[in-house]
Every structure is written in C-alpha cells, then in structure tokens.
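The lines below spell out each chain.
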Amino acid sequence: SDMVFNKLNGLDYEITTKYEFQSYSFDHKIQTKLYNAINPKLPLLIRGLSFLIKSQIVSRNYLLMEEAALLVYIALEAALRIIRNGLIEQGIKNPPFDQVFEKVKDKFPSGENLADYFRECYDNRIMIVHPENDFGSYYIPPLQADDFCDTYTAVVDFFRYLLIEE
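Residues numbered from 1 in each chain as written. Predicted model: local features only at pLDDT ≥ 70, side-chain atom pairs only at ≥ 80, totals over all residues. Heavy atoms only, no water.

Undergrad: Can you help me understand the environment of Y73 in this one?
TA: Tracing the backbone shows Y73 in helix α3 (residues 65–89). Overall, Y73 belongs to the buried group, its relative accessible area being 2%. (Helix = DSSP H or I, 4+ residues; strand = E, 2+ residues; numbered from the N terminus. Buried < 20%, exposed > 50% of the residue type's maximum accessible area, 1.4 Å probe, protein only.)

Encoded structure:
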C-alpha cells in the first residue's frame, strides 16, 4: 500500500502519496559547450556565475529573498561589466552604462526589452544596497518575489548567451 503512517508531536498522520522525482532532460551538448566556455582565469565571469548560483541557494529560504535578489543583481552587474570591458577592448575609453545597454539592445535577442528590464534591475539593486538613495528611504526595499525569480531566469539566459551565443 502507498499509505504510510508517521508520528508527529505524538499524533498519527497518514501520507497517502509517495514523492515522485521530476524527470528533467538536459541537452548534454549544450552543457558541454557551457562548461568549455567558462574560463576560470576570468574573475569577473567566475564571480558573476558564483553569485548566480549562490542566489538560487539563498532563495530557498523565503526570509532571505531580498538577499537572493541582491546576489542575482550582482551577477547581472558582472555580466554587464563583461560587455563593458568588451567595449573598452574595442577602444572606447570609459564607456558609460548607457552604451552597455545599447550593446544589449543591438546584440541580444529581445535586446530592447532586456536592456530596459536590466536598467530596472539596476535601480532595484540601488534600493537594496543603499538604505537612502534617489528613490527614497525604505524600511524594507519595495521588492517582490518575482523580482528575484524573473531576474534569475533572465540572468541565466543572459550568461548563456554571453558564453555560447545560444
């Protein structure tokens, strides 16, 4: 029988269904491409990816969603700075982030929407990091769980495109 009885605080309770593992299919060719594209000698890339991974770990505790959002925003900034460094290598001296966002608009799929969203994320990062800022002073920054979840997905896709252009 699938029924299992357990004791919790001296009370019997019944579990009527077994846990079922989800079956995920991964494209191992893409995983290999991503792995091979990660250069461990690039601190900005490694820091960005490590903060992206940490953000997912921290987000498991709903009390730490603000901290998870901050980590994913730092990962995003690392990715944007990789693009900025590319502009510097092209001979543009000290390019402002407006030029970085223009590059995002031009180079990435759905670039215009992505650049606008990443600007909004940058503003959110400012509200988290700086207790008093141009947006005001808040007891708790005006963030929602979606600010982490949506940004995490976008930044994962952004790094993937940065690494393998897929």
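From this point, the narrative continues.
Undergrad: Honestly, the packing of helix α1 (residues 28–37) against helix α6 (residues 145–164) in this entry has me stumped. Any pointers?
TA: The description of two helices packed together rests on the angle between their axes and the distance between the axes. The interhelical angle for the contact between α1 and α6, taken along N-to-C directions, is 75 degrees, at an axis separation of 9 Å. One finds that α1 runs roughly perpendicular with respect to α6. Here α1 contributes I30, K33, L34 and A37 to the contact with α6, which in turn contributes R160, L163 and I164. Residue composition of the contact of α1 with α6, by class: five nonpolar, no polar and two charged. (Axes fitted to C-alpha atoms, helices over the stretch in contact; angles between N-to-C directions. Parallel < 35°, antiparallel > 145°, perpendicular 65-115°, else oblique. Contact = heavy atoms within 4.5 Å. Nonpolar A, V, L, I, M, F, W, Y, C, P; charged D, E, K, R; others polar.)

Undergrad: Mind showing me how you'd approach the environment of V72 here?
TA: For V72, the position within the fold is in helix α3. Setting aside anything within four residues of it in sequence, one finds V72 in contact with L52, S55, F148, T151, Y152 and V155.

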